[in-house]
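Inside the fold
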Amino acid sequence: MIDLFSGLDAWVIVSLTLALTFVLAFEFINGFHDTANAVATVIYTKAMPPHLAVFFSGVFNFLGVLLGGVGVAYAIVHLLPVELLINVNTGHGLAMVFSLLAAAITWNLGTWYFGIPASSSHTLIGSILGVGLANALLSDIPLGDGVNWQKAIDIGMSLVLSPMAGFAVAALLLIGLKWWRPLSKMHKTPDQRRKLDDKKHPPFWNRLVLVISAMGVSFVHGSNDGQKGIGLIMLVLIGIVPAKFVLDLNSTTYQIERTRDATLHLSQFYQRNAATLGEFLALGKAQASDLPEQFSCNPQQTEPTIAALQSSLAGVTDYRALSAEKRVEVRRYLLCLDDTAKKVGKLPGLQAREKADLEKLRKDLTATTEYAPFWVIVAVALALGLGTMVGWKRVVLTVGEKIGKQGMTYAQGMSAQITAACAIGMANVFSLPVSTTHVLSSGVAGTMVANKSGLQGGTVKTILLAWVLTLPATMGLAAGLFWLATKAIG
C-alpha cells in the first residue's frame, strides 16, 4: 500500500482517497446496519450482555472478511458487463463508483434510521445494476448488454430463495426441537424464564448454542458481506489506477505460467470440440489481424484473442516487466476469454466432463485477475468490524419482539441463528451473495409460525416493502447519480 499514491497526479490522489473512503464508509455502515442480524437473538434472549455480544460479533466479522476469500467479491464485480470492465477509464470509473456507493449508503442509512431490517446486499446489487443500465443508455448500448444478466439472474435467485429456505428450515428445526424436548425450558421466552424460574439467563446448553450460533452468523456475515466491500475497492483501484491493479503484480512465475498454459489448453479444448463450437466461435475463420483497435469481447474473435494473449505473455516471468498499457491489454484478453468460456459452458451439446474441464481452465485464466491485496482485505475487515460495534440497538427490538405477536423463545433463537449461519455459509461456498438480514428475519418469522405465535402484520409488511422497494429504489438513485456525474465530467 505504501507505493499506492506514488507517481499519481494530485487530482487522481484526491479522487482515489475519496473513493476508498466512500467504500470503507459503506462497509462501516454495513457493519452497524447488519449487526443486529447477528446479535439480535443473543441479546434479546440475554445469552450475552449487549456490549460483549457486539464486541465479539465485530471480532468474528473481522475474521470472516480476513478468511473468506474473494469469490463473492468478484461475483458482485461481474454484475457489470465485461465490456464496461475492460474499457473503464479514470473519469468513467470515478462516476461509476461514486454513484453506486452514494446510492447504497443513502438507502442503508435511511432504513437503519427507521429500524427496518433491510438488506445491504440488495442495496449494493441494485446500485450496481442501476449504474450498468444508465451506462448502457448513455453509451447507446442495448439495455440487454448493459448488465451481465446471467450473473444478475443467478444472484437474484440466491437472494429470493435464501429467505424462503431460511423460513422453512428454521420452522422445521423448531418443530424438531419441540418434538424432541416438548417440556424443555428452551421453549420459554426470557420474560417467562424470569417470572417462572426467577432466572435472568437461558439454561446453560441453550445459552452456549445461542452464543456459538451468533458468532457463526457474524463470521459468515463478514465473509459474505465483507467480500462485497473488497469487490468495490477493486473496482475503485482498477478504474482509477489501472496500471497497478489490473493484474496481480505479486503473481509468481508459476502462476503466470499457469495462466499462459490455460490459454494453450483452452485453444486445444476448442479444437477438440470444434464440431460443436466451430460456428459459435468462428474457428479457423478469424485472424489475429482481425482484432479491432477498440477492443470488445466477441466470441467470434476467440482464436485471435488467444493468439494475442499468448504473444503478450511470451517469455514473461514477472508482470512488472510489462508496460502499463500491456497489463491493461492482458487483463482485457483474460476477461474476454473467461466471459466467452462461461458462455460456451452453457451451450447444449457439451459433455458434462468437458464442461468440468472448462470450469477448471476458467479458474486458471482468472487466477491473476481475481485477487485482492492483503491491505484491502484488512481495511474492509476493520471497517466492517468497527461498524459492527455501533448502531445495533435500532434493529434488535424489531427482530426480537416485533416480527411475532409473542416474544422469541430460546429455541426459536437457536433455530433462526443456526439456519442463518448454515445458509450463508453454503452461499459462501458457491460464491453467491445473500442477505444476512433477510435470511435471519425470515428464519425468525418461520419459527413464529411454527410456534403458532402468529406474525405482526405491520412489521412484516414493512420488511417486505423494504425488500421489494430496495432494488428499484437503489437502481433509480444510482442511475440518476451516474447520469449527473457523467454530465459533470463531460
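Scoring rules and cut-offs
Residue numbering note: each chain is counted from 1, following its sequence as written. A pLDDT threshold of at least 70 governs which residues receive local features in this predicted model, and a stricter bar of 80 or more applies before side-chain atom pairs are shown or counted, although totals over entire chains, interfaces and linings include all residues. Remark: hydrogens and water are excluded; side-chain values derive from all non-hydrogen atoms of the structure. UniProt positions are given in the numbering used here, feature names are shortened, and annotations may be inferred rather than shown by experiment. In this description a helix means any DSSP run of H or I spanning at least four residues, a strand means any run of E spanning at least two, and both kinds are numbered starting from the N terminus. Radius of gyration here uses only the C-alpha atoms, and the compact-globule reference equals 2.2 Å multiplied by the residue count raised to the power 0.38. Any two residues whose heavy atoms approach within 4.5 Å at even a single point are treated as in contact. For the area figures, the Shrake-Rupley method with a 1.4 Å probe applies, and any residue is considered shielded solely by the protein chains shown. Throughout this description, a polar contact denotes any pair of N or O atoms lying within 3.5 Å of each other; where both atoms belong to protein, one of them has to be capable of donating a hydrogen while the other can accept it, and for residues adjacent in sequence the pair is counted only when both atoms sit in side chains. Helix span, as expected, comes to 1.5 Å for every residue beyond the first. Burial classification: accessible surface area is computed with a 1.4 Å probe over protein chains only, and a residue below 20% of its type maximum counts as buried, one above 50% as exposed, and the rest as partly exposed. The angle between axes fitted to the seven-residue stretch ending at a residue and the seven-residue stretch beginning at it gives the bend at that residue. Per the annotation, domain bounds derive from an automatic or database assignment of domains. Each patch groups residues whose relative accessible area exceeds 30% and which form no salt bridge, using 9 Å between like charges and 5 Å between nonpolar side chains of Val, Leu, Ile, Met, Phe, Trp and Tyr. Each salt bridge in this description consists of a side-chain nitrogen of Lys or Arg and a carboxyl oxygen of Asp or Glu lying within 4 Å of one another. Only rings of Phe, Tyr and Trp enter the pairing, Trp through its six-membered ring, and a pair is recorded when the two centres are within 6.5 Å. The plane angle decides the type: under 30 degrees is stacked, over 60 is edge-to-face, the rest tilted. In this analysis an axis means a line fitted to C-alpha atoms, helices contributing only their contacting stretch, and an angle means the value between N-to-C directions, from 0 to 180 degrees. The labels follow the angle: roughly parallel below 35 degrees, roughly antiparallel above 145, roughly perpendicular from 65 to 115, and oblique for the rest. By definition, any crossing whose near helix is turned counterclockwise from its far helix by less than a right angle is left-handed, and any crossing with a clockwise turn is right-handed. Put simply, Ala, Val, Leu, Ile, Met, Phe, Trp, Tyr, Cys and Pro go in the nonpolar bin, Asp, Glu, Lys and Arg in the charged bin, and everything else, Gly too, in the polar bin. Known as pLDDT, the predictor's confidence for each residue is given on a scale from 0 to 100.

Looking at an unreviewed UniProt entry, one finds the protein named Phosphate transporter and attributed to Pseudomonas peradeniyensis. Per UniProt, the protein has the following entry under Catalytic activity (unreviewed entry): "phosphate(in) + H(+)(in) = phosphate(out) + H(+)(out)". Taken from UniProt, the Sequence similarities (unreviewed entry) comment for the protein reads in full: "Belongs to the inorganic phosphate transporter (PiT) (TC 2.A.20) family. Pit subfamily."

1. Notes on the overall build of the protein
On a plain count of helices and strands, the protein comes out with 20 helices and zero strands. Against the 2.2 N^0.38 benchmark of 23 Å for 490 residues, the protein shows a C-alpha radius of gyration of 24 Å, consistent with a compact globule. The principal-axis extent of the C-alpha atoms belonging to the protein is close to 85 × 55 × 40 Å. For the protein, long-range pairs separated by at least 24 residues make up 82% of all intrachain contacts whose partners lie at least 6 apart in sequence. With an accessible surface of roughly 20,700 Å², the protein has 64% of that area assigned to carbon and sulfur atoms.

2. Quick look at the side chain of S415
Locating S415 in the fold gives a position in helix α18 (residues 410-429). Here the side chain of S415 touches A411 through a polar contact of 2.8 Å, landing on its backbone oxygen. Sequence-distant contacts of S415, defined by excluding residues within four places in its chain, comprise A170, L173, L174, L177 and T447.

3. Brief notes about helix α16 (residues 374-388)
If you check α16, its first and last C-alpha atoms are 21 Å apart, about what 15 residues at 1.5 Å a residue would give, namely 21 Å. Taken residue by residue, α16 has W375, V376, I377, V380, A381, A383, L384, G385, G387 and T388 as its buried positions.

4. Section: helix α9 (residues 204-240)
For α9, which comprises 37 residues, the first-to-last C-alpha distance of 53 Å matches the rise-based estimate of 54 Å (1.5 Å per residue) to within 8%. At G222, α9 shows its largest kink, close to 25 degrees.

5. Concerning the domain arrangement of the protein
Looking at the protein, the domain boundaries give domain 1 (7-242 + 373-487) and domain 2 (251-365). Averaged C-alpha coordinates put domain 1 and domain 2 at centres separated by 35 Å.

6. Details of a nonpolar patch on the surface
Judged by side-chain polarity, F28, L52, F55, F56, L382, L386, M389 and V390 come together as a nonpolar surface patch covering roughly 630 Å² of accessible area. Examining the composition of the nonpolar patch, we find that three residues originate from one element, helix α2 (residues 50-67), more than from any other. On the secondary structure map, L386 appears in helix α16. By relative accessible area, L386 is classed as partly exposed at 48%.

7. Description of the packing of aromatic side chains
Using the criterion set out here, one finds four aromatic pairs in the structure. Relative to F56, the ring of F55 has its centre 5.3 Å away and its plane inclined at 75 degrees; by these criteria the two rings are edge-to-face. When the ring of F269 is compared with that of Y270, the centres are 5.8 Å apart and the planes differ by 70 degrees; the resulting orientation is edge-to-face. Classification of F269 as buried rests on a relative accessible area of 0%.

8. Examining the packing of α9 against α16
Contact pair α9 / α16: the axes reach a minimum separation of 9 Å and the direction vectors enclose 125 degrees. Classified by the angle their axes make, α9 and α16 are oblique. Every pair of crossing elements has a handedness; the one defined by α9 and α16 is right-handed. Counting all contacts with α9, which are made through H221, G222, G226, G229, I230, I233 and L237, the residues of α16 involved are W375, V376, I377, V380 and L384. Here the contact of α9 with α16 is composed, by residue class, of eight nonpolar, four polar and no charged.

9. Here's the deal with the environment of G231
When you line up the elements, G231 lands in helix α9. The class for G231 is buried, based on a relative accessible area of 0%. In this structure the C-alpha to C-alpha distance between G231 and E370, which are 139 residues apart in sequence, comes to 9.4 Å. Excluding its chain neighbours within four sequence positions, the residues that come into contact with G231 are A73 and V77.

10. Here's the deal with unusual backbone geometry
Located in the positive-phi region is D198, a residue other than glycine, with phi close to 55 degrees. Among the secondary structure elements, D198 is positioned in the loop between α8 (190-197) and α9. Of note, S431 is a non-glycine position whose phi angle comes to about 55 degrees, a positive value. Structurally, the position occupied by S431 is in the loop between α18 and α19 (436-450).

11. Some details on the pattern of salt bridges
Within this structure, the stated rule accounts for 10 salt bridges. Of the charged contacts in the structure, one is a salt bridge between D197 and R193, with a shortest N-O distance of 3.1 Å. Highlighted residues: D197 and R193, both in helix α8, separated by four residues, approximately one helical turn. A residue is classified by how much of its surface remains accessible, and D197, at 22% relative accessible area, is partly exposed.

12. Things to note about the confidence of the model for the protein
This prediction gives the protein a mean pLDDT of 84; 90% of its residues lie at or above 70. Highest mean pLDDT in the protein belongs to helix α11 (residues 253-272) (93); lowest belongs to helix α17 (residues 393-402) (56).

13. Some words on the environment of L264
Checked against the element boundaries, L264 lands in helix α11. Exposure remark for L264: the relative accessible area of 40% places this residue in the partly exposed category. Along the sequence, L264 and K487 sit 223 residues apart, while their C-alpha atoms lie 44 Å from each other.

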